[in-house]
Amino acid sequence: MVLVGIASLMLLGSCQNDELCEEATSNPLRMGFYLPTVTDGSPTTYTLDSLSLYGSGRPDSLLYDNTKSVRSIEVPLNPASGTTGFVFTFPGEITDTLWVAYTHSLNFVSAECGFTMFYEIQEVTHTNARIHSIQLPQTLVNHSLEEHIKILLYPDPEL
């Protein structure tokens, strides 16, 4: 009887669709760096000389390790929580922390790809050592490639 059960499972397994998933199932939070401008109010793109970044409370989880020439970043959100924090270390060892509060929902992608998590940003808070302010051009974190958070920085103190 056990042998019949195993044979049935093998037959069912061989009938599965072996298509490869060609769709995005990871939905990172996308952030860009900017300097505020006083002329027309729109921020100017800014490239950091270097950046280190890890998850708040997890200094062993380096996402960026002294990465050079950084204009934008992609980071994961925690699907088991409604808040994720990130610790930024800017040139000159200046440190800021940014917290993102969000809701999340599980979404079906396809039979080949399974499910993915979408996030809706509710609030972003931060410390103010180097981060001046933030803008949220897109609050839905899904499969699109749009930037979600614009981080406006105080000008580099070493310049």
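So, here is what we can say about the structure in this document. (Residues numbered from 1 in each chain as written. Predicted model: local features only at pLDDT ≥ 70, side-chain atom pairs only at ≥ 80, totals over all residues. Heavy atoms only, no water.)

Right, let's get into the environment of Met 31. Within the fold, Met 31 resides in strand E1 (residues 29-35). Separated by 115 residues in the primary sequence, Met 31 and Glu 146 have C-alpha atoms spaced 9.3 Å apart. Apart from residues lying up to four places away in sequence, Met 31 is in contact with Ser 72, Ile 73, Val 75, Phe 86, Phe 88, Leu 98, Glu 147, Ile 149 and Ile 151. (Helix = DSSP H or I, 4+ residues; strand = E, 2+ residues; numbered from the N terminus. Contact = heavy atoms within 4.5 Å.)

Tracing the backbone through its elements, the reader meets Leu 51 in strand E3 (residues 48-55). On the accessibility criterion, Leu 51 (0% relative accessible area) is buried. Here the alpha-carbon distance between Leu 51 and Leu 63, two residues twelve residues apart in the chain, equals 9.9 Å. Other than its neighbours up to four places away in sequence, Leu 51 contacts Phe 33, Tyr 64, Asp 65, Asn 66, Thr 67, Val 70, Ile 73, Phe 88, Thr 89 and Phe 90. (Buried < 20%, exposed > 50% of the residue type's maximum accessible area, 1.4 Å probe, protein only.)

Our next topic: a nonpolar patch on the surface. On the surface, a nonpolar cluster with roughly 370 Å² of combined accessible area is contributed by Leu 106, Phe 108 and Phe 115. By the secondary structure assignment, Leu 106 is in strand E7 (residues 94-110). Take Leu 106: its relative accessible area is 57%, and that puts it in the exposed class. (Patch = residues over 30% accessible without salt bridge, like charges linked within 9 Å, V, L, I, M, F, W, Y side chains within 5 Å. Areas by Shrake-Rupley, 256 points an atom, 1.4 Å probe, with all protein chains shown as cover. Salt bridge = Lys/Arg side-chain N within 4 Å of Asp/Glu carboxyl O.)

Before going further, it helps to spend a moment on the packing of aromatic side chains. Counted under the stated rule, the structure contains five aromatic pairs. Ring plane angle 90° and centroid distance 5.3 Å describe the contact between Tyr 102 and Tyr 119, whose orientation is recorded as edge-to-face. Remark: Tyr 119 occurs in strand E8 (residues 114-126) and Tyr 102 occurs in strand E7; sequence separation between them is 17 residues. Taking relative accessible area as the criterion, Tyr 102 reaches 5% and is therefore assigned buried. The buried category is assigned to Tyr 119, whose relative accessible area is 6%. Centroid distance Phe 108 to Phe 115: 5.3 Å. Interplanar angle 70°. Geometry classified as edge-to-face. Comparing Phe 108 with Phe 115 shows no difference in burial state: the two are exposed. Taken together, Phe 33, Phe 88 and Phe 90 form an aromatic cluster joined through their ring pairs. (Phe/Tyr/Trp six-rings, centres within 6.5 Å; stacked < 30°, edge-to-face > 60°.)

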